[in-house]
Amino acid sequence: MQQRRSIMTFIALITLVALVTGCAVKTTPGTMTEGTTFTVTAMGMAFDTATITVPAGAHLTITFRNNDEGVFHNIAFYMSSAATTFIYKGARITGVSSITYTFDAPTTPGMYFFRCDVHPTTMTGQFIVQ
Ligand SMILES: [Cu+2]
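Residues numbered from 1 in each chain as written. Predicted model: local features only at pLDDT ≥ 70, side-chain atom pairs only at ≥ 80, totals over all residues. Heavy atoms only, no water.

Caption draft 1: Up close: the overall build of the chain. When helices and strands are tallied, the chain shows one helix and 11 strands. Mapped in sequence order, the helices and strands of the chain form the string α-β-β-β-β-β-β-β-β-β-β-β. Across the 130 residues of the chain, 34% fall into the buried class. For the chain, the share of sequence-separated contacts (at least 6 apart) that also reach a separation of at least 24 residues comes to 57%. (Helix = DSSP H or I, 4+ residues; strand = E, 2+ residues; numbered from the N terminus. Buried < 20%, exposed > 50% of the residue type's maximum accessible area, 1.4 Å probe, protein only. Contact = heavy atoms within 4.5 Å.)

In structure tokens form, the structure reads like this:
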């Protein structure tokens, strides 16, 4: 009986650790954007998110805010980091201003790529379709 109880305690502990770890991964602030309607901001020559995660085939509405005064930025989505084939190229805008991009996500789940075409080496991220 004593042994059974300690096994139950052990299982409960493992479950708790798994739950806490799972939550911690999901709530990392400021680095992930998810959904079909969301805002991405460019500020200080950087995006405010490292990943954009969307459902496959979803119609997306993205509000793009450029907070860098007098600087051009955009968001462009590509099949890969080679950036040879684009999925959608958002119009470039000068800060401070914002624009709404609407397009359909790829129907095939996978890891794609996004970047600012004006700053293609420094403003980049993963476009995750799931
Ligand atoms: Cu830029």
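Resuming the write-up.
Caption draft 2: How the structure looks around the sheet that holds strand β9 (residues 97-104). Judged by pairing direction, the sheet is mixed, and its three strands sit side by side in the order β2-β4-β9 without closing on themselves. Every other strand in the sheet has two partners, leaving β2 (37-42) and β9 as the edge strands with one partner each. Sheet twist, expressed as the mean angle between neighbouring strand axes with direction ignored, is 25 degrees. Strand direction decides the pairing type here: β2 and strand β4 (residues 59-66), joined by six bridges, are parallel. Note that in β4 the partner of Val 40 across the bridge is Phe 64. (Pairing = 2+ DSSP bridges. Axes fitted to C-alpha atoms, helices over the stretch in contact; angles between N-to-C directions.)

Caption draft 3: The arrangement of the coordination of the copper ion in detail. For the copper ion, the full set of protein donor atoms is His 73 (ND1), Cys 116 (SG) and His 119 (ND1), and the range of their distances to it is 2.0 to 2.2 Å. For the copper ion, all donor residues lie on one chain, and their spacing in sequence is H-x42-C-x2-H. With His 73 in strand β5 (residues 72-73) and Cys 116 in the loop between β10 (110-115) and β11 (124-129), this pair connects stretches of sequence that are 43 residues apart. Of the two residues examined, His 73 and Cys 116, each falls in the buried class. (Donors = N, O, S within 2.8 Å, 3.2 Å for Na, K, Ca; no water.)

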